[in-house]
Amino acid sequence: MPVSFAPPPLFLTLLPLLSRLLPSLPPTVRDVDVPPLFRERFILSGYRPVGLTWRCYVLSLFQIHNETLNVWSHLLAAACVVTRFLLFTVLQGGGILGFRLQGPEGQGFSLDASSLPLVLYVFSAVIYLSCSAAAHLLQSHSEEAHYSLFFLDYVGVAVYQYGCALALCVYSSDAAWRQSMLGQIFLPAAALLAWFSCIACCYAKLRFRRPYPLHRKLCQVLPMGVAYLLDISPVAHRLATHSWTSNSALPLHGLQVVVLFLLSAFFFSCPIPERFSPGCYDIVGHGHQLFHLLLSFCTLAQQEALFHDFLWRRPALLREFGEEHLLLACASFPCLAFCCVMTALTMRRRAKEQLMKEQR
Ligand SMILES: *[C@@H]1O[C@H](CO)[C@@H](O)[C@H](O)[C@H]1NC(C)=O
Ligand SMILES: [Zn+2]
C-alpha cells in the first residue's frame, strides 16, 4: 500500500520554536510603568516595557499587546498589495511591468515608461506599510528609537503621497484637468507638499510634549490634509464631471476618496472609541487600529482602481505625456525619497541632542 509522508506544514515546525522563545518575553505592563513619551491617552494596559533587547521587540510580533494588531494589519496589507500586483502582471501576460527585456529595437533591456508609475505606486505602498509596521513593532525599545522610527514612518507616508499623486495624474486624470492650471503644476506641487508634510510631522513630533497642545495635531494633519486634497484632485475632477457608473474604476475611486479616507482621517485625529471607556480597547478596537484597517482597505481599493485606469489609458499614454516627461516625473520619486530621508536623519540628530540635554 502506498504510504505518503507529506512534510508537516511550515507553521507546525515553527510553532515549537516559537513557544520556546516566547516565554522569554516579559509580560506587558500598565501605562504608568512606561515613560510619558510612550503613553497613549485612554489606553491603560498592554504596553511592552521599554529597554528590552531588539530581539524581544521582533519576537513581540507573536505576543498579544496594544500594538499587535497595528503591526499585523499593515503587514498583511503589504502582502495583499504585492500578491494582487503580481497576479495582475501575470494576468496581463507575464513579465515585470515597468521593464521590457526586449527593447523596441530588438535585443536589450529597456524601461517601459508607460507602466513605471504603476510600479512606483505599488513600491511606495509597500514602503509606507512596512515602515509603519516596523515603527509600531520596534519603537518601544527606547526614546531614541521611538523618535527615529516615527520619523521613518513619516518618510514612508511622504513617499506614498507622491506615489499616489504620480499614478493618479498619469492614469486617472482626464484631459480637461490635465490642461487646467492645476494639472500643469500638479506633480512638482505634489512633491513639494509631500516633503513639506514630512518636515511638519517630524517637527511636531519632536517639538511638542505631553500634554499635547491642539496645534501639534494641526501641525501634522493640516499639511497632510492639503497634500491629500491636491493628490486626489485628478480623480475628484473626474468624479465631479462624470457619472460614477460610466467607467469601472470610478466607483472604486469614489469609495476610496469619500468613505474610507474621511473615516480614517476621523479616527486618526480622535481617540474614538477608547475615550468613552478608557481601558476597554487597549488590545482590540482603539481608534488607531481602526485607522490602520481603513487605510489598508483604502490602499487596496485604490490599487484596484488604478489597475482599471492603467489598462484603459496605457495605449495612448506615451503620445499624451511624452516619454521624457514621464521618465522625469518618475525620476522625481527617488529624489523626493532622498530629501525625506535626509530630513528624517537631521531630525533624528536633533532628537538625540534633545534627549541628551534632558538627561543632564
Ligand atoms: C502601546 O504601547 C507602546 C509601548 O509598548 C506605546 O509606545 C504605544 O504608544 C502604545 N500604543 C497604543 C496604541 O496604545
Ligand atoms: Zn500607525
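Look above for the structure.
Throughout what follows, the structure given in this document is the object of discussion.

Criteria and thresholds
Residues numbered from 1 in each chain as written. Chains lettered and ligands numbered in written order. Predicted model: local features only at pLDDT ≥ 70, side-chain atom pairs only at ≥ 80, totals over all residues. Heavy atoms only, no water. Helix = DSSP H or I, 4+ residues; strand = E, 2+ residues; numbered from the N terminus. Rg over C-alpha atoms; globule rule 2.2 N^0.38 Å. Contact = heavy atoms within 4.5 Å. Salt bridge = Lys/Arg side-chain N within 4 Å of Asp/Glu carboxyl O. Buried < 20%, exposed > 50% of the residue type's maximum accessible area, 1.4 Å probe, protein only. Donors = N, O, S within 2.8 Å, 3.2 Å for Na, K, Ca; no water. Core = buried A, V, L, I, M, F, W, Y, C linked by side-chain atoms within 4.5 Å.

Description of the overall build of the protein chain
A count of helices and strands for the protein chain gives 12 helices and two strands. Here the protein chain has a C-alpha radius of gyration of 23 Å; the compact-globule value for 360 residues is 21 Å, and the two agree. Based on the C-alpha atoms only, the size of the protein chain along its principal axes is roughly 75 × 60 × 40 Å. Within the protein chain, contacts between residues separated by at least 24 positions form 71% of all contacts whose residues are at least 6 apart in sequence.

Thoughts on the pattern of salt bridges
Using the criterion set out here, one finds eight salt bridges in the structure. For Arg178, the salt bridge is made with Glu320, and the minimal N-O distance between the two is 3.0 Å. Remark: Glu320 occurs in helix α11 (residues 287-321) and Arg178 occurs in helix α6 (residues 175-179); sequence separation between them is 142 residues. What makes Glu320 partly exposed here is its relative accessible area of 42%. A salt bridge links Glu320 to Arg313; the nearest nitrogen and oxygen atoms lie 2.6 Å apart. Each of Glu144, Arg348 and Lys352 takes part in one network of salt bridges that share partners.

Observations regarding the coordination of the zinc ion (ligand 2)
Looking at the zinc ion (ligand 2), one finds its protein donor set to be His136 (NE2), His288 (NE2) and His292 (NE2), positioned 2.1 Å from the metal centre. Sequence positions of the residues that donate to the zinc ion (ligand 2) give the spacing H-x151-H-x3-H. A residue pair is termed long-range when its members are at least 10 positions apart, and His136 in helix α4 (residues 116-138) and His292 in helix α11 qualify at 156 residues. His292 shares its class with His136; the two are buried.

Remarks on the nonpolar core
Core analysis: the largest hydrophobic core is formed by 88 residues, its most contacted members being Leu118, Phe151, Tyr162, Leu166 and Tyr171. Looking at this core, the element that brings in the most residues is helix α5 (residues 143-171), giving 19 residues. Sequence-distant contacts of Tyr171, that is, excluding residues within four places in its chain, are made with Ser114, Ser115, Leu116, Pro117, Leu118, Leu306, Asp309, Phe310, Trp312, Arg313 and Leu317.

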